[in-house]
Structure formats: structure tokens, C-alpha cells
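This is what each chain is made of:
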Amino acid sequence: MSALVECRGLTRVYHKGDQEIRPLDELDLDVDEGTFTALMGPSGSGKTTLLNLVAGIDRATSGTLRVEGVELGALSNTELARWRAHTIGYVFQLYHLVPVLTAYENVELPLLLRDDTRRERHRKVAAALELVGLADRHDHFPRQLSGGQEQRVALARAIVTDPRIIVADEPTGDLDAAAADAILDLLGALRRELGKTLLMVTHDPRAAAHADRVIHLEKGRIVAAAAATS
Amino acid sequence: MKLLPWDYGVRNLLRAPGRTALGAGGVALVTALLVTAAAFVRGMNGSLAETGGLRNVILLGAGSEDSVERSEVKAGVAGIVAASVPGIEERLGVPYVSPEINVALVVNVDGQERQASFRGVTDAAYLVHPQVRIVEGRAPRAGELLVGRFAAARLDVPDERLAVGRSVDIDGRPWTIAGRFEAPGTVLDAEIWCDAQELRVATRRETLSGIVLTLADDAQTDDLDLFTKQRLDLELVALPERGYYARLHDFLAPVRAMVWTTALLVAGAALLGGIDTMHASFAARIRELATLRALGFANGAIALSLVQEALLTAALGALVGAACVLPLDGLAVRVSMGAFGLRVDGTALALGLGAACGVGLLGSLPAAWRCLRMELVAALRAD
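The sections below set out a description of the structure shown in this document. (Residues numbered from 1 in each chain as written. Chains lettered and ligands numbered in written order. Predicted model: local features only at pLDDT ≥ 70, side-chain atom pairs only at ≥ 80, totals over all residues. Heavy atoms only, no water.)

Of the regular secondary structure elements, chain B holds 13 helices and 14 strands. Relative to the 2.2 N^0.38 estimate, which gives 21 Å for 383 residues, the radius of gyration of chain B is 29 Å and therefore markedly larger than a compact globule would have. Dimensions of chain B along its principal axes, counting C-alpha atoms only, are 90 × 50 × 35 Å. Evaluated residue by residue, chain B yields a buried proportion of 50% over its 383 residues. Taking the intrachain contacts of chain B between residues at least 6 apart in sequence as the baseline, contacts between residues at least 24 apart amount to 79%. Accessible surface for chain B amounts to roughly 17200 Å². Of this, 59% is attributable to carbon and sulfur atoms. Positive and negative side-chain charges of chain B, numbering 36 and 41 respectively, have mean locations separated by a distance of 9 Å. (Helix = DSSP H or I, 4+ residues; strand = E, 2+ residues; numbered from the N terminus. Rg over C-alpha atoms; globule rule 2.2 N^0.38 Å. Buried < 20%, exposed > 50% of the residue type's maximum accessible area, 1.4 Å probe, protein only. Contact = heavy atoms within 4.5 Å. Areas by Shrake-Rupley, 256 points an atom, 1.4 Å probe, with all protein chains shown as cover. Lys, Arg positive; Asp, Glu negative; His and termini not counted. Charge placed at Lys NZ, Arg CZ, Asp CG, Glu CD.)

So, in C-alpha cells, the structure goes:
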């Protein structure tokens, strides 16, 4: 059975003035469905770049990247946006909630890109908020929530479309220990109970310990890959 | 293309109320200015276009086609015309032939000398100028005046100074105001009428300025043209009354051009300011806009939402601007040729509202484009 995410010779090159920056360099990686993978490494090692490529919000300079059998490099920007909306749930370090929308409306946003009826949207949003334990805060605006609650809303937004893959960029980086644990427990539960495939960037070994596999990157290459030790 | 919720655009307006108010205030100024400019031009055009009756013809002295005040027609010509030209409208045997004297006179009002447009008339004037309606007092007799509703504006004196019963001096002789009239949307509104014979004596002139006559429904101007060509001794030229005022309309083209140019320059400056303000507003939300893109919303859908915000701000400003200038409708404006009322009508308002929407649209699109063309990864990291 082929992997859900297949990277072959994946390279990303930026140019800053005359300087060439190569955050990913000929990287090969497979991520199987239903696994929780943590990406670790020093700043500039390419972990966030890899995450962005898998999430379809950035494009590789060379190499191939197949997700769910789709070659992302072959998609136009419009096709890629549509693919993201249906395949990926993204959790940002700083939550990236829309401040003028309530928790409910923030979670509902990705569903507006689908053909769901209002009733279907309501059912899905309510279920997602219930799952992250914020059903009673559905009408709160982001400014009325704590950091941990905001991240849980962001998580609900990421899972509301029932994507096969959830990518998380330092999801606990801005949270205190208790809130971080709550988020990591939720991510673990998503894998265990719903069979989601998770890819998480983190600097925190405690966060990485929640994953099945930890991949260490340096200078755009994998330097170590091992099963996580809880 | 799936769109962002309407509420998103609306609530963003309340996010930075000061900025929204500033933007709306700018648009309100542009709207107010453009509506006022349109009201000015429409009032001016309207007063000239609607002064002449559709079936009215004005007989002037040959060579004076451009100015009735310079024209001279022999005093007895009106009777000859009424008797000789077929096809003139009649009522109860009275022909619609109005001998008139148009003259600019210096009036002494409380020691201040002002220039006013006078029209010496007979009873026939009320037949050929049916727009004229006496709204207070009565028609003037010897030594009396009938003043138009904008005559005070033309003289630059308070309206009550020309109230019925008050008097003004002309050439050292007091004339009492016997009545007031209105002739909405025409240049007559700014005139002062009196008896033609009285005015002829006061101005020591032997001649009329012109003769205004109304043709019957089915009459042609050919008979009148033929009359003026056969009676060369009378030295007359016949012009459709509307044509005469259309010439004045052309004469005022530079004034209209100046008004429009000023208004458009200010609107252009407001547009550039609007682009800058909106770019600052959108740029402050680059990361949020990038998040929407990352979720899968198309750039077009996000741009549409930003345009919606701009249009709502513009509409708010336009309504405020329009509300501010609505009370100016009918306000007398004094110009060298007389006075007319500002015309804040549907067309002027539609122009102002349309321009406001244009400022919103043209102001927001470049700003939205600049924000949305940014690379998604970089935009997600923006502060």
C-alpha cells in the first residue's frame, strides 16, 4: 500500500538578493495514513517549509510531492486552493482566527467552501466544537477566549471538514503547559479515534512524545527518524 | 466561486471605527461636492432650458440675436405682428403677443446700489410666460414692482427686504413692491417686473427690447420668418425662445467646465487618498487574509469581500454627503446673468452616489490586489 504523503527529491529554494536559501534539499519522506508524525529540528532546518508544501500553501522548486495520490505540483493555484479546502486541516501556532467572527463562525468558514446546507454546516460545527470541548463558547469572539481556547477553536476549524490530513505548525508554541497538554491530547485522540493523519512541527520534545514517529531535520534533510518515546 | 459571509465584511467596518469614519467622511465630502456641482450645473442649465416656451418665438432687433438687452424694436411693432402674422395663439380674442423691455438697472436698496434685471411687461406677458405665478400680492401698477423669488439673491439682499409693501429707489424715485412671483426653474425667477410703459418712461427709451409671442399648436414658424423678411423696414429677426436661451447656455459653458473640473479634481484626490487608506486598512490584515487563502478561499472571493467593505463605507459616506446637501435644493445662487436655484434632484444624487461607489470600487481594487498578490507563506508570517 502506498503512503498517504510521498516526497521524492523534494527541494525548495528561495532567493534573498544574491543569496540562495535552500530550506529543503532533495528530501525523501513517506507518511502513512493514520500516523502522527512530529517534525523537529533547529530553526531554518526546513520543517515548516516541509509542512507548508504538504499542506499545499507553498510549492516545491523541484522534486515530487504526492498527497492522497495527487501530484501537487501539477495543480493550478485555483485547483490547489480547492484541494486544500477538501483535504487539509491546518493548525497555526498563533491560531489565526478571524477576530470579527465568533468561534462558531470561525469553525464554519471551511464549510462555506463546500455545498453543505446550513443544517449540515450547523451539525458539523456543533460536533467539532463539542469535540474540542468548546460547545458552550460558540458565540464568543476570539478576544473573549484564552490562548488555549483559541487554539482549540482553530483545531475545530481544522477538523470540521473531516480532512484526512491535519498539519500543525507549533500548535503548542504559544500556550502554557496545561493548555498545551490539552491540545496534544486532542491531537492524539484525533489519530486514535478518528484515524486522522497528523503532521506536526514542534521544538518541544514533550509535544513530540505524543507522536508515533519523530523526524529530525537539519539543513533541509532528514538526519534521524525514530519512533517516539512517550 | 464560494464567497465569504456577508457579515464578515460588515463587521470589519466596526473593527476600526475611526478608520471607517475617516473613509466614509472622505467619501461624504466627495459626494457632497459632486452633488452640489451637479445641482449647480443642472440648476443653471434647467433655468435656461426651461425659460423659453416650446411654442414661443422671440422677435428681436436684427443684429441683436445674442442679447435681448441690446435689442431695440419699434414700439408699435407688437400691434403690427398681432394683426399681420397668422397662427398666433389667442384667448378670448386676445393674441399671445407680449411686448417687453429687458434692461439691467441700478437699484438703491437702503443706500446700497445694486444691479437688477428688469422686465417691463403688459398683461400679455402672463399669457406667453405661463410659468409665472403670482404667489403674493398682485400684478404691478404704475410705480409698482413684481419681484421674482430669487430677485433678492440677485440683489444680494435679504429676502424680507423685498417683501410686499417695501420699496426700493430707481433713479431717485421710490417703487413699491406690489407682489411676488415664482417661475420655477427659469431665469425669470431672478427678475423684477413692472409695467412696460412705466419702465420705458423711467429709462427714457422709445423702443421695446423684443416681442415674445406664442404660436398656436399647429402653426409653423414659416409665416413668421416670411413676415420678418417681407417687412424689412421693421428690422426684425425671429428666434425660437428656447433657441435664444440655448445660446446663453453655450455662453456659460466655461463656467460649467470650471465647476466640473474643480469637482473632478477633488474627487480624483479623494480617490488617491481612498486607495492609500484602504491599502493601510487591508495591509493591517494581511495575515488574516492569508489565513482565508490558506483555508481555500479564492483570491477573487476575498477581493470581493474587501470591495464589499469599501462599497459599504462608500455608501455610508454617500448617504451622509447626500443628506448634507439635500437642504440646498432650491437655494438661490447669484451669477452675473441673474440667479437660479440649485437643483438637487434624482440625477444629481445618482451622480454623487455613483461617484461614491466608483471611489469605493476603484479605491479598493488596487489595494486588495496589492495585499492578495503577496506570496501565501510570507503573508501568513506577516505581523
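Next comes the rest of the write-up.
This paragraph deals with the sheet that holds strand E8 (residues 197-201) of chain A. Residues and elements named next belong to chain A. Within the open sheet, the six strands sit side by side as E6-E7-E8-E3-E9-E10. Their pairing is mixed. Bordering the open sheet on either side are strand E6 (88-91) and strand E10 (221-227), each of which pairs with just one other strand. Taken over all neighbouring pairs, the strand axes of this sheet differ in orientation by 20° on average, direction set aside. Note: strand E3 (residues 36-40) against E8, four bridges, orientation parallel. Residue pairing for E8: Leu-39 is matched across the bridge by Val-201. Packing of helix H1 (residues 47-55) onto the sheet brings it into contact with E3, E6, strand E7 (165-169), E8 and strand E9 (213-218), and relative to E7 it is tilted by some 150°. Helix-sheet contacts for helix H6 (residues 177-194) involve E3, E7 and E8, and the interaxial angle to E8 is about 150°. (Pairing = 2+ DSSP bridges. Axes fitted to C-alpha atoms, helices over the stretch in contact; angles between N-to-C directions.)

All names here are of chain A. Taken together, four strands build an open sheet; the order of strands is E2-E1-E4-E5 and the sheet is antiparallel. For this open sheet the edge positions go to strand E2 (19-31) and strand E5 (70-71), each flanked by a neighbour on one side alone. By the bridge criterion, two bridges tie strand E4 (residues 62-67) to E5 in an arrangement that is antiparallel. By the bridge assignment, Arg-66 is partnered in E5 with Glu-71. Packing against the sheet, H1 makes contact with strand E1 (5-16), E2 and E4, and its axis sits at approximately 115° to E1.

To continue, consider the pairing of strand E7 (residues 144-148) of chain B. Residue and element names in this part refer to chain B. Taking burial as the measure, the five residues of E7 include five buried ones, the bulk of the element. Burial of E7 is two-sided: the residues Glu-144, Leu-146 and Gly-148 facing one way and the residues Leu-145 and Val-147 facing the other way are all buried. Sheet topology note: the E7/strand E9 (residues 173-182) ladder contains five bridges and is parallel. Looking at the pairing, Val-147 lines up with Arg-180 of E9. Across two bridges, E7 lies against strand E10 (residues 192-195) in antiparallel orientation. Note on E10: the bridge partner recorded for Leu-146 is Trp-193.

Any functional reading would require information that these geometric values do not contain.
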